[in-house]
Amino acid sequence: MKTNKISKISEDITSSYDSRASLAQNKKKVSNIDVLVSYVNEQCIATIEDLPGFVIVEDSLSEIQDGFSIALEHHLDLMRKAKVLIPDKLNDEYELYFKMNITSLLNYYGNRFGNTSLANIINVTRKQLYDYTVVKRKPRKEQVSRILDSLHELGKELLSLNIHEINDSEQGLLNFYSNKLYRRNLKLSESNENFKVV
């Protein structure tokens, strides 16, 4: 009786192992493809190291991300028709990972937010930002991580926002405080004009 139980357990383990092995064989390997994005003269330029000569140029990063896979597949089809050798990674299933160097990243978002605002967002001085964008100085690895964290934090904040219609009571409150602030700033500017250094 004990022998039968042991053999049954052994059969179950063997069949379970076989089914896992066949699943692993059927599962295709997915290659990671790095798409290198640069920002030059207000244009995003994307390339793949494995495909020299294949370049996509768009106005924005989102346009690159949206259109890259379609353009790549079209390019690979043309290569197959022309019987040109395609790298193994691109013949199987692949996943695209978009990467930007720090100079391009800062120039891209500096163009969108303005350099002063971007410097405030990523907690650096305007001089530091200028040095990084014209490659006078490279930020340290820790600084690059902090810059990315700040941009990711902004992204999370923007994603969490929802827009609603302003009702009458809220509009009244906004008008009241904006007028109050305006009057206070006006008084401050008048007092500064009257202020003389002797």
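Structural notes, computed from the coordinates. (Residues numbered from 1 in each chain as written. Predicted model: local features only at pLDDT ≥ 70, side-chain atom pairs only at ≥ 80, totals over all residues. Heavy atoms only, no water.)

## What to know about a nonpolar patch on the surface
Step number 1: Residues Leu173, Phe176 and Tyr177 make up a contiguous nonpolar surface patch of roughly 330 Å² in combined accessible area.
Step number 2: Its location among the elements puts tyrosine 177 in helix H8 (residues 168-194). (Patch = residues over 30% accessible without salt bridge, like charges linked within 9 Å, V, L, I, M, F, W, Y side chains within 5 Å. Areas by Shrake-Rupley, 256 points an atom, 1.4 Å probe, with all protein chains shown as cover. Salt bridge = Lys/Arg side-chain N within 4 Å of Asp/Glu carboxyl O. Helix = DSSP H or I, 4+ residues; strand = E, 2+ residues; numbered from the N terminus.)

## Some points on the sheet that holds strand S2 (residues 43-48)
Step number 1: Read from one edge of the open sheet, 4 strands run S3-S2-S1-S4, paired in mixed fashion. The sheet is open, and its two edges are formed by strand S3 (55-58) and strand S4 (94-100), each paired on a single side. For this sheet, the mean angle separating the axes of adjacent strands, direction not counted, is 25 degrees.
Step number 2: The pairing of strand S1 (residues 31-40) with S4 spans 7 bridges and is classified as parallel. Bridging from a neighbouring strand, isoleucine 33 pairs with leucine 96 of S4.
Step number 3: Lying on the sheet, helix H2 (residues 61-81) is in contact with S1, S2, S3 and S4; it crosses S4 at an angle near 135 degrees.
Step number 4: Each of S1, S2 and S4 is contacted by helix H4 (residues 102-113), which is oriented at about 55 degrees to S1, the strand it contacts most. (Pairing = 2+ DSSP bridges. Axes fitted to C-alpha atoms, helices over the stretch in contact; angles between N-to-C directions. Contact = heavy atoms within 4.5 Å.)

## Quick notes on unusual backbone geometry
Step number 1: Positive phi values are uncommon outside glycine, yet asparagine 41 reaches one of about 50 degrees.
Step number 2: The exposure class of asparagine 41 is exposed, given its relative accessible area of 70%.
Step number 3: Positive phi is not limited to glycine here, since lysine 83 has a value of about 60 degrees.
Step number 4: Secondary-structure assignment places lysine 83 in the loop between H2 and helix H3 (88-91). (Buried < 20%, exposed > 50% of the residue type's maximum accessible area, 1.4 Å probe, protein only.)

## Side note on the side chain of threonine 103
Step number 1: Within the element layout of this structure, threonine 103 appears in helix H4.
Step number 2: Contact partners of threonine 103, with chain neighbours within four places excluded, come to Tyr132, Thr133 and Val135.

## What about the pattern of salt bridges?
Step number 1: Going through the model one piece at a time under the given rule, you end up with 6 salt bridges.
Step number 2: In this structure, lysine 89 and aspartate 50 form a salt bridge, with 3.3 Å as the shortest nitrogen-oxygen distance. Separated by 39 residues along the polypeptide, lysine 89 in helix H3 and aspartate 50 in the loop between S2 and S3 bring together distant segments of the chain.
Step number 3: When its relative accessible area of 35% is taken as the criterion, lysine 89 is described as partly exposed.
Step number 4: Overall, the relative accessible area of 32% leaves aspartate 50 in the partly exposed class.
Step number 5: Glutamate 142 is paired through a salt bridge with arginine 140; the nearest N and O atoms lie 3.6 Å apart.
Step number 6: Salt bridges sharing common partners tie together Lys127, Asp131 and Arg137.

## Brief notes about the packing of aromatic side chains
Step number 1: Evaluated as defined, the whole model comprises 5 aromatic pairs.
Step number 2: Summarising the aromatic geometry, the rings of tyrosine 108 and tyrosine 109 are spaced 4.9 Å apart at their centres and angled 85 degrees between planes, so their arrangement reads as edge-to-face.
Step number 3: Residue classification places tyrosine 108 among the buried residues on the basis of a relative accessible area of 5%.
Step number 4: An aromatic cluster is defined as three or more aromatic residues linked by ring pairs; in this entry it consists of Tyr39, Tyr108, Tyr109 and Phe113. (Phe/Tyr/Trp six-rings, centres within 6.5 Å; stacked < 30°, edge-to-face > 60°.)

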